[in-house]
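Chains, contacts and geometry: an overview
Now for the letters of each chain:
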Amino acid sequence: MNAALQQIDSKLHHNAYITEDMEAVREFYEDIIGYKLVATWAEKAELFGKERTYMHCFFDIGDGSCLAFFQFADDDDQKEFGPELQPSAFRHLAMKVDQETQDGIRDRLAAAGIAEPQTYILNHGYCYSLYVFDPSGLLVEFTVDHEDVDNINAAKQETAHADLQKWLAGDHTPNNTQFHR
């Protein structure tokens, strides 16, 4: 890191995504996951060369920051902005939770009939993650940190720049072999 730059103090306000079915998204996040709907804003604004009418809902993730979802009144606007046609497992949100919360989410998903391939579990070693695609196609990860995560993170912070330089130089040898075989 540039020595002149200092770590900034910030937290997530919201992450935004687009949906074609706001009620399905509301049901998923509020009724199954447990994130409270805290605001619904309907707006009309000149955006990207055209007047657009849209709404967005905010779901509090428990610390005052939110997941937000947009839906457009006009079908052409909806098609222009999304959601993306091809969901990706590498484009996702990761939410830090404790084991009890992750277990509760897993159980509520199962009770709602949401199972593989819409959900899956992956042990990364430094964390244990439950993944689920929401009704808009967004992949959300609910992750429980390893009990020794502070030591794991401290060790990785010491080698982060060197690990990056090795990768950029063409050495793609995995460095998480303890957990991935």
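Before reading further, recall that the structure is shown in the block above.
What comes next concerns the included structure. A quick note: this is a predicted structure, and the numbers were derived from the prediction, not measured.

Section: the side chain of Q102
On the secondary structure map, Q102 appears in helix α3 (residues 99-111). Those residues in contact with Q102 that lie beyond four places of it in its chain are V97, Y128, S129, L130, F142, T143 and V144.

Points about a nonpolar patch on the surface
On the surface, L164, W167 and L168 cluster together to form a nonpolar patch covering roughly 340 Å² of accessible area. Relative to the elements of secondary structure, L164 occurs in helix α4 (residues 149-168). Judged by its relative accessible area of 42%, L164 falls in the partly exposed class.

Quick look at the sheet that holds strand β8 (residues 139-145)
Pairing in this open sheet of four strands is mixed, and the strands run β5-β8-β7-β6 from one edge to the other. Each edge of the open sheet carries a strand with a single partner, namely β5 (92-96) and β6 (119-123). Taking the axes of each pair of neighbouring strands and ignoring which way they run, one obtains an average angle of 20 degrees across the sheet. With seven bridges connecting them, strand β7 (residues 127-133) and β8 associate as antiparallel partners. Bridge pairing in β8 places S129 opposite T143. Set on the sheet, α3 makes contact with β6, β7 and β8; between it and β7 the angle comes to about 30 degrees.

Rules used throughout
Residues numbered from 1 in each chain as written. Predicted model: local features only at pLDDT ≥ 70, side-chain atom pairs only at ≥ 80, totals over all residues. Heavy atoms only, no water. Helix = DSSP H or I, 4+ residues; strand = E, 2+ residues; numbered from the N terminus. Contact = heavy atoms within 4.5 Å. Patch = residues over 30% accessible without salt bridge, like charges linked within 9 Å, V, L, I, M, F, W, Y side chains within 5 Å. Areas by Shrake-Rupley, 256 points an atom, 1.4 Å probe, with all protein chains shown as cover. Salt bridge = Lys/Arg side-chain N within 4 Å of Asp/Glu carboxyl O. Buried < 20%, exposed > 50% of the residue type's maximum accessible area, 1.4 Å probe, protein only. Pairing = 2+ DSSP bridges. Axes fitted to C-alpha atoms, helices over the stretch in contact; angles between N-to-C directions.

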